[in-house]
Amino acid sequence: MAEFDPKVLAERPISPPAEFSRQARVKSLDEYRRLYQRAVDDPESYWAEQVRLLDWAVPPTRVLEWNPPFARWFYDGKLNVAHNCLDRHLADKGEKVALLWEGEDGSQRRFTYRELHEQVCRFANVLKSLGIGRGDPVALYMPLIPELPVAMLACARIGAVHSVVFGGFSAPALADRIADAGARLLVTADGGYRRGKLIALKEAADAALAHCPTVEKCVVVRRTGKPIPWQPDRDLWWHELVPRAAPHCPAEPMEAEQPLFILYTSGTTGKPKGVLHTSGGYLLQCTWSTRLVFDLREDDVYWCAADIGWVTGHSYVVYGPLSNAATVVLYEGAPDYPQRDRTWEIVERYKVTIYYGSATGIRSFMAWGDEWVSRHNLSSLRLLGTVGEPINPEAWKWYHRVVGKGRCPVVDTWWQTETGSILISPLPGATPAKPGSATLPLPGVVADVVTLEGKPTRPGETGYLIIRRPWPSMLRTIFGDDERYRRDYWGRIPGAYFTGDAAQRDDDGYFWVLGRVDDVIKVAGHRLSTMEIESALVSHPAVAESAVVARPDEIKGEAIVAFVTLRAGVSPDSDLRNRLSDHVAAMIGAIARPAEIRFAQGLPKTRSGKIMRRLLRELAQKGTVSGDTTTLEDLSVIERLAQQKGEEE
Ligand code: ATP
Ligand code: MG
C-alpha cells in the first residue's frame with residue numbers, strides 16, 4: 001500500500017473566507033459538527049427529514065430496509081426523477097436557463113427549463129414509440145451535447161434504464177457494455193469533436209452493433225453533418241423523430257427503488273462492472289449534496305467539467321444541479337482547444353460562479369502556466385471543486401491562489417461511481433481546508449479507516465477506507481451479479497462497505513485518501529482497467545501474455561506501462577511496439593494507448609500462476625525491485641526484466 005508523506009499532514013488549515021461563511025447554508029465547523037452528530041445519533045430520522053427536498057407522488061413513510069448487503073431506501077414512496085429535475089421548476093422557473101451549451105467549434109445553444117422539459121417529453125414519446133418502456137435498458141453513446149442529458153431524462157421519465165458509455169470508448173468496449181446490460185436501443189450521433197478532430201461515433205457504433213443482437217433500433221443525433229454509413233431498417237434520425245413527437249408526456253410515478261441507470265466502472269477484472277443505481281435515494285442524496293457541497297444559490301452559474309460518461313457527469317452535471325433548478329454550463333470539447341485558456345474563456349464568457357473539475361485537469365492547468373489563467377477575468381468565480389483522485393497539495397494551492405485568487409473555497413470531494421454522490425468533502429462555508437485532504441464526511445456518512453480486520457487505524461497510519469452504514473445513493477448491486485457485489489464491497493471488511501481506497505486520518509480526524517488499493521489506471525481522468533488493456537494486447541496475434549501497470553505521470557496522473565511476452569517465433573522491434581499500441585487504441589480507445597511497451601521473455605508469477613503486478617509496478621516506477629519476492633516462481637524473470645531496462649536506456 002502507498003506510503004504517505006508525513007509532511008502533508010502538517011498542512012495548516014485554511015479557514016473559509018468570512019464573507020463566504022456568512023452567506024453559506026452551513027456557516028461554521030461547529031454547525032457542521034452539530035448536523036453531523038444529529039445524523040449519527042438518528043440516521044433514519046435525519047434522512048426522513050431530507051426527503052422533503054424532493055417532490056414525491058407518494059411520500060415515503062419508510063426510510064430504510066437493510067438486509068445486508070442489500071438496501072432499499074424510501075421504498076414505499078413514489079416519484080419521477082425527470083419531474084423532479086424539470087416539471088416541478090416550471091411554475092416559477094420555467095424561463096430560467098437550465099443549460100448553457102458550448103460546442104468545441106464555438107457554437108452555442110441554450111435551453112430554459114421549459115425548453116428542456118419539452119425536448120425531454122418529445123424524446124420520451126419517441127422512446128415509447130420505439131417500444132421502450134419501464135425497466136428497458138437503453139445505451140447512450142454520445143458526445144457532450146444537450147441531447148445526452150435530454151436522452152437520460154427521457155429515459156428517467158418513462159422508467160427506462162440508461163447506460164451511458166463514454167464516447168471515447170471503442171467499438172469492442174461499447175459492444176461489451178451493450179451486451180452486459182442487454183440494451184434494446186442505442187442512441188448515438190454522427191460524430192463529435194475533440195481537439196478539432198472528428199470522432200467517428202457512428203462508425204464505432206455500427207461496428208459494435210454488428211455483435212449486439214439485443215439492439216433493435218439506433219437513433220442518431222446530427223452533430224457534425226458529415227456523411228455516415230446508414231442502415232435503413234435500423235437507423236433513425238433524432239431530428240426527424242423528435243419534432244414530430246408530441247410535446248407532452250406524463251411523468252409517471254415510479255417506485256423509489258425503480259432502477260435509474262447502470263454505469264460501468266473500469267473494473268479490475270475483464271468483465272465490465274455495471275454499477276446499478278435506483279431512483280429515490282440516488283436523486284435525494286445528489287440533490288442534498290449539491291446544495292451542501294456547492295452551497296448552490298439561485299443565481300449561480302454552475303459548471304462541472306466532467307464528461308457525462310462518468311459518474312461525476314451523471315450526479316453533478318445532470319441530476320443534482322437540475323433537481324436544484326441550477327443553471328448548468330456544458331462544454332463539448334477539450335480544455336486546450338484551440339488554446340490552453342479555453343476553460344477560463346468559458347468561465348469569463350458565461351460568468352461561471354462555481355467550477356468543479358478533475359484533479360488531473362488542475363495539474364494540467366498548472367503545468368501549462370499561470371498566464372493562460374491570468375488572461376481572463378475570473379471575478380465571477382466564488383467556489384472551486386476537485387474530484388477524481390487525490391490532489392497533491394501543490395496543485396490544490398495553485399488552484400486556490402491562481403484560479404480562485406485566494407477568495408474561493410476549494411472543495412475536494414471524495415466519492416465513487418458506487419457511492420452515487422459525494423460522501424467526504426468540506427462544506428465550503430464551514431470546514432477549514434487542508435490542501436490534499438477531502439477533510440470530513442458529510443452528515444449521515446459514517447466513514448472510517450481500518451485494518452483488514454476492521455480495527456480503526458491510529459492517526460497517520462495507513463488503512464482501508466470504509467463506510468460503516470448504508471446511505472441513500474449507494475449502489476444497489478452490480479448489474480446481474482449480486483454475488484460480485486456482496487464479495488467486492490461487503491465481503492472484505494467485517495460489517496462495512498469497502499471502498500477499495502487506501503487512506504489515513506490525521507489528528508483532527510481529517511481523511512487523506514491515498515489512492516486505490518487495486519489495479520486501475522487513471523490516465524488524464526479516464527479510468528481504465530489493467531485487465532481490459534491486457535486483454536486487448538493478448539488479442540493481438542503476436543502476443544502471448546501481458547501485464548499492465550501504472551507509473552506516475554506528472555500531467556496525466558498515471559501513464560500505462562505494458563509488459564508483453566511475445567509468441568514463439570515473433571521477434572520484438574519498435575515497429576511491433578507501434579502496431580501493438582495502435583491495436584490497444586483500436587480495441588479500447590486512444591486513452592488506453594500505453595506510454596511504454598516492454599518486451600519480456602516471461603512475467604513474474606506466483607506459484608499459483610498469478611502475475612505479480614506489484615513487482616512490475618515497482619520495476620516500471622523505479623527500475624529495480626526491492627519488494628518481497630519470496631512467492632515468486634522464477635526469480636530470474638524479474639532479474640532479466642530489470643537488466644533489460646538498463647540496456648534499453
Ligand atoms: P474502478 O472502480 O473500476 O476501479 P474507478 O474507481 O477509477 O474505477 P470512479 O468510481 O469514477 O472509478 O472513481 C472513484 C475513485 O476515484 C475513488 O475510489 C478514489 O480512488 C478516486 N477519487 C475520487 N475522488 C477523489 C478525491 N477527492 N480524492 C482522492 N481520491 C479520489
Ligand atoms: Mg472504483
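Conventions we followed
- Residues numbered from 1 in each chain as written.
- Chains lettered and ligands numbered in written order.
- Predicted model: local features only at pLDDT ≥ 70, side-chain atom pairs only at ≥ 80, totals over all residues.
- Heavy atoms only, no water.
- Core = buried A, V, L, I, M, F, W, Y, C linked by side-chain atoms within 4.5 Å.
- Buried < 20%, exposed > 50% of the residue type's maximum accessible area, 1.4 Å probe, protein only.
- Helix = DSSP H or I, 4+ residues; strand = E, 2+ residues; numbered from the N terminus.
- Axes fitted to C-alpha atoms, helices over the stretch in contact; angles between N-to-C directions.
- Parallel < 35°, antiparallel > 145°, perpendicular 65-115°, else oblique.
- Left-handed = near helix turned anticlockwise from the far one by under 90°.
- Contact = heavy atoms within 4.5 Å.
- pLDDT = per-residue confidence, 0-100.
- Pairing = 2+ DSSP bridges.
- Phe/Tyr/Trp six-rings, centres within 6.5 Å; stacked < 30°, edge-to-face > 60°.
- Lys NZ or Arg CZ within 6 Å of the ring centre and 35° of its normal.
- Domains from an automatic or database assignment.
- Disulfide = S-S within 2.5 Å.
- Salt bridge = Lys/Arg side-chain N within 4 Å of Asp/Glu carboxyl O.
- Nonpolar A, V, L, I, M, F, W, Y, C, P; charged D, E, K, R; others polar.

### What to know about the nonpolar core
Part 1: Membership of the largest hydrophobic core comes to 169 residues, with the highest contact counts inside it found for Phe123, Phe294 and Tyr319.
Part 2: With nine residues, helix α7 (residues 147–158) is the single largest residue contributor to this core.
Part 3: If you look at the next biggest cluster of nonpolar residues, it comprises 31 residues, including Trp344, Ile362, Leu378 and Trp396.

### Points about helix α14 (residues 359–368)
Part 1: Within α14, seven of the 10 residues are buried, leaving the element largely enclosed by the surrounding structure.
Part 2: Within the sequence span of α14, burial applies to Ala359, Thr360, Ile362, Arg363, Ser364, Phe365 and Trp368.
Part 3: Gly369, located one to two residues past α14, shows a positive phi value of around 110 degrees.

### Things to note about the packing of helix α8 (residues 171–181) against helix α9 (residues 201–209)
Axes are the key here: two packed helices are described by the angle between their axes and the distance separating the axes.
Part 1: Look at α8 against α9: their axes get within 8 Å of each other, and the N-to-C directions meet at 50 degrees. The angle between the axes of α8 and α9 places the two elements in the oblique class. Pair α8 / α9 crosses with right-handed handedness. Here Ala171, Leu174, Ala175 and Ile178 of α8 lie close against α9, whose contacting residues are Ala204, Ala205, Ala207, Ala208 and Leu209.

### Digging into the confidence of the model for the protein chain
Part 1: Overall, the predicted model of the protein chain reaches an average pLDDT of 91, with 94% of residues at or above 70.
Part 2: The model gives residues 1–8 a pLDDT under 50, and that stretch makes 12 contacts with residues more than four places away or in other chains.

### Some words on the sheet that holds strand β14 (residues 259–265)
Part 1: Reading across from one edge, β12-β11-β8-β6-β7-β14-β15-β23 is the order of the eight strands in this open sheet, with mixed pairing throughout. Edge positions in the open sheet fall to β12 (235–237) and β23 (477–478), since each of these has one partner strand only.
Part 2: One ladder, built from three bridges, connects strand β11 (residues 217–221) with β12; its direction is parallel. Bridge pairing in β12 links Cys218 to Asp235.
Part 3: Most of the contacts of α9 go to strand β8 (residues 185–189), to which it runs at about 155 degrees, and overall it touches β8, β11 and β12.

### As for the packing of aromatic side chains
Part 1: Here the structure, examined in full by the defined rule, presents 32 aromatic pairs.
Part 2: Relative to Phe74, the ring of Trp73 has its centre 5.6 Å away and its plane inclined at 50 degrees; by these criteria the two rings are tilted.
Part 3: Relative accessible area serves as the criterion here: at 2%, Trp73 is assigned to the buried category.
Part 4: Of the residues examined, Phe74 reaches a relative accessible area of 0% and is grouped as buried.
Part 5: Ring centres of Tyr489 and Tyr497 lie 5.6 Å apart, and the angle between their planes is 0 degrees; this geometry places the pair in the stacked category.
Part 6: Three or more aromatic residues joined by ring pairs form one cluster here, namely Trp66, Phe70, Trp471, Tyr485, Tyr489, Trp490 and Tyr497.
Part 7: Note that Arg109 overlies the ring of Trp101, its terminal NZ or CZ placed 5.8 Å from the centroid.
Part 8: Geometry around Tyr510 places Lys434 over its ring, the cationic atom sitting 4.4 Å from the centre.

### Some details on the domain arrangement of the protein chain
Part 1: If you check the domain split of the protein chain, you get domain 1 (42–276) and domain 2 (519–648).
Part 2: Computed from C-alpha coordinates alone, the two centres of domain 1 and domain 2 are separated by 36 Å.

### Comments concerning the pairing of strand β4 (residues 97–102)
Part 1: Burial analysis of β4 places six of its six residues in the buried class, which makes it a mostly covered element.
Part 2: In terms of strand pairing, β4 meets strand β5 (residues 108–112) through five bridges, oriented antiparallel. Bridge pairing links Leu100 to Arg110 in β5.
Part 3: Hairpin geometry of β4 and β5 is characterised by an intervening segment of five residues between the two adjacent antiparallel strands and by a positive phi of about 95 degrees at Gly106.
Part 4: Of the strand pairs in this sheet, β4 and strand β17 (residues 327–331) are connected by four bridges, and their pairing is parallel. Following the sheet pairing, Trp101 is matched in β17 by Leu330.

### A word on the state of the cysteines
Part 1: On inspection of all chains with the given rule, the structure shows zero disulfides.
Part 2: There is no disulfide at Cys85, and the cysteine sulfur nearest it, in Cys286, is 9.0 Å away.
Part 3: Cys85 sits in the buried class, given a relative accessible area of 0%.
Part 4: Cys249 provides the cysteine sulfur closest to Cys155, a residue in no disulfide bond, and the two sulfurs are 11 Å apart.

### A short note on the sheet that holds strand β20 (residues 410–412)
Backbone-to-backbone hydrogen bonds pair the strands of a sheet. The strands run either parallel or antiparallel.
Part 1: One open sheet accounts for seven strands, arranged β5-β4-β17-β16-β18-β19-β20; its pairing is mixed. The sheet is open, and its two edges are formed by β5 and β20, each paired on a single side. Strand-to-strand twist of the sheet, defined as the mean angle between neighbouring strand axes without regard to direction, takes the value 15 degrees.
Part 2: Packed on one face of the sheet, helix α16 (residues 393–403) meets β18 (354–358), β19 (383–387) and β20 and runs near 155 degrees to β19.

### Some details on the pattern of salt bridges
Part 1: For the structure shown, the criterion picks out 41 salt bridges.
Part 2: Here Arg114 ties to Glu95 by a salt bridge, and the two come within 2.8 Å at their closest N and O atoms. Of this pair, Arg114 sits in helix α6 (residues 113–129) while Glu95 sits in the loop between α5 (81–93) and β4, and the two are 19 residues apart along the sequence.
Part 3: A relative accessible area of 40% means that Arg114 is categorised as partly exposed.
Part 4: When its relative accessible area of 57% is taken as the criterion, Glu95 is described as exposed.

### Comments concerning the environment of Thr287
Part 1: Examined against the element boundaries, Thr287 turns out to sit in helix α11 (residues 280–293).
Part 2: The exposure class of Thr287 is buried, given its relative accessible area of 1%.
Part 3: Counting along the chain gives 233 residues from Thr287 to Leu54, while the straight-line C-alpha distance between them is 8.1 Å.
Part 4: Setting aside anything within four residues of it in sequence, one finds Thr287 in contact with Leu53, Leu54, Arg88, Gly320, Ser323 and Asn324.

### A word on the packing of α5 against helix α12 (residues 311–323)
Part 1: Where α5 meets α12, the closest approach of the two axes is 8 Å, and the angle between their N-to-C directions is 50 degrees. One element, α5, and the other, α12, form an angle in the oblique class. Of the two possible hands of crossing, α5 and α12 adopt the one that is left-handed. For the pair α5 and α12, contact is made by Val81, Asn84, Cys85, Arg88 and His89 and by Tyr319, Leu322 and Ser323, respectively.
Part 2: In terms of residue class, the contact of α5 with α12 is built from four nonpolar, three polar and one charged.

### Quick look at unusual backbone geometry
Part 1: Note that the residue after Pro68, namely Pro69, is joined by a cis bond; omega there is 0 degrees.
Part 2: Mapped onto the elements, Pro69 comes out in the loop between β1 (64–67) and β2 (70–73).
Part 3: Along the chain, Tyr337 connects to Pro338 via a cis peptide bond; the corresponding omega equals -5 degrees.
Part 4: Counting through the fold element by element, Pro338 comes out in the loop between β17 and α13 (342–350).
Part 5: Phi is positive for Lys351, close to 55 degrees, though the residue is something other than glycine.
Part 6: Within the fold, Lys351 resides in the loop between α13 and β18.
Part 7: In the Ramachandran plot, Lys405 falls in the positive-phi region, its phi being about 50 degrees despite a non-glycine side chain.
Part 8: Within the secondary structure layout, Lys405 lies in the loop between α16 and β20.

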